[in-house]
Amino acid sequence: LKRKLEIIDKIKAMATSPDEANKSYQEFKALQQEWKEIKAVPADKANELWRSYQLYVEQFYDLLKLNNEAREYDFKKNLEAKTKLCEAAEKLDEEEDVISAFHQLQELHAQYREIGPVAKELREQIWSRFKAASTVINKKHQQHFKKLLMKWKKDMNYLVIQKLKI
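S.K.: Go over the overall build of the protein with me, naming the residues and quoting the values.
M.R.: Regarding its fold elements, the protein presents six helices and zero strands. Starting at the N terminus and walking to the C terminus, you meet the elements of the protein as α-α-α-α-α-α. For the protein, the C-alpha radius of gyration of 31 Å lies well beyond 15 Å, the compact-globule estimate for 166 residues. Over its C-alpha atoms, taken along the principal directions, the protein stretches across nearly 115 × 30 × 20 Å. Within the protein, the proportion of its 166 residues that are buried is 26%. When contacts within the protein are restricted to residue pairs at least 6 apart in sequence, those whose partners lie at least 24 apart make up 76%. Per element, the accessible surface of the protein, about 12100 Å² overall, is 55% carbon and sulfur. Charge-centre separation for the protein: the mean point of 32 positive side chains lies 7 Å from the mean point of 27 negative side chains.

S.K.: I'd like a description of the pattern of salt bridges, backed by residues and values.
M.R.: Taken as a whole and assessed by the stated rule, the structure comprises eight salt bridges. A salt bridge links Glu 34 to Arg 3, with the shortest nitrogen-to-oxygen separation between them at 2.5 Å. In this pair, Glu 34 is assigned in helix H3 (residues 25-37) and Arg 3 in helix H1 (residues 2-14), connecting sequence segments 31 residues apart. A residue is classified by how much of its surface remains accessible, and Glu 34, at 26% relative accessible area, is partly exposed. Since its relative accessible area comes to 26%, Arg 3 is described here as partly exposed. Beyond isolated ion pairs, a larger network of salt bridges with shared partners links Arg 3, Glu 6 and Glu 34.

S.K.: An account of the packing of aromatic side chains is requested, with residue identities and associated values reported.
M.R.: If you walk through the whole model with that rule in mind, you get nine aromatic pairs. A ring pair is formed by Phe 28 and Tyr 61, whose centres lie 5.2 Å apart and whose planes are at 90°; its orientation type is edge-to-face. With Phe 28 in helix H3 and Tyr 61 in helix H4 (residues 43-91), this residue pair connects regions lying 33 residues apart in the sequence. Ring plane angle 5° and centroid distance 3.9 Å describe the contact between Trp 35 and Tyr 53, whose orientation is recorded as stacked. You can see Trp 35 sitting in helix H3 and its partner Tyr 53 sitting in helix H4, a full 18 residues away along the chain. Taking relative accessible area as the criterion, Trp 35 reaches 5% and is therefore assigned buried.

S.K.: How would you explain helix H6 (residues 120-165) if you had to name every residue and give the values?
M.R.: Helix length check: H6 (46 residues) gives 67 Å between terminal C-alpha atoms against 68 Å at 1.5 Å per residue, within 8%. Restricting attention to buried positions, one finds in H6 the residues Ile 126, Phe 130, Ala 133, Ser 134, Ile 137 and His 141.

S.K.: Go over the side chain of Gln 32, please, and point to the residues and values.
M.R.: Structurally, Gln 32 is set in helix H3. Residue Gln 32 is classed as buried on the basis of its relative accessible area, which comes to 11%. Excluding its chain neighbours within four sequence positions, the residues that come into contact with Gln 32 are Tyr 53, Val 57 and Tyr 61.

S.K.: Describe the environment of Lys 65, with residues and values.
M.R.: Along the polypeptide, Lys 65 turns up in helix H4. With a relative accessible area of 52%, Lys 65 lands in the exposed category.

S.K.: Got a sec to walk through a nonpolar patch on the surface? Specific residues and values, please.
M.R.: Side chains of Leu 149, Trp 152, Met 156, Tyr 158 and Leu 159 sit close together on the surface and give an oily, nonpolar patch of about 540 Å² of accessible area. Given the relative accessible area of 51%, Tyr 158 is considered exposed.

Criteria and cut-off values
Residues numbered from 1 in each chain as written. Predicted model: local features only at pLDDT ≥ 70, side-chain atom pairs only at ≥ 80, totals over all residues. Heavy atoms only, no water. Helix = DSSP H or I, 4+ residues; strand = E, 2+ residues; numbered from the N terminus. Rg over C-alpha atoms; globule rule 2.2 N^0.38 Å. Buried < 20%, exposed > 50% of the residue type's maximum accessible area, 1.4 Å probe, protein only. Contact = heavy atoms within 4.5 Å. Areas by Shrake-Rupley, 256 points an atom, 1.4 Å probe, with all protein chains shown as cover. Lys, Arg positive; Asp, Glu negative; His and termini not counted. Charge placed at Lys NZ, Arg CZ, Asp CG, Glu CD. Salt bridge = Lys/Arg side-chain N within 4 Å of Asp/Glu carboxyl O. Phe/Tyr/Trp six-rings, centres within 6.5 Å; stacked < 30°, edge-to-face > 60°. Expected span 1.5 Å × (residues − 1). Patch = residues over 30% accessible without salt bridge, like charges linked within 9 Å, V, L, I, M, F, W, Y side chains within 5 Å.

See below:
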């Protein structure tokens, strides 16, 4: 009886906080197993004990369910936000000013990092989409500076040749 009352108290404590519910799930399962293994309790306490145990087990599961629903909602909102960032990054390909596009992309990357996670099965897909749009802008940025370097080298060669003619 004493140990079963202790188990009920522990489960009751776990059923008060969503964060604790997730962290203590394995402990909860161990307590349930221990509860099952304890057989004999005074007959006059059995029904009350069982009702109390069931109440807190149900509260614990309700808390887990609420926590999972909240997490799924967060995942959905995060996916929506990251999808909008992907769209914005893809639209940067239309930007005439390559330098501006690159700087805007850096801002989008900062925002992407600040948004929380999405569902595991969608993480790679949404990141790949964002990364692909980023690659387009990064290549344009690199090409821009490569062209400037080529022009500079050409101009420098011209100046050297002109100086040699003098």
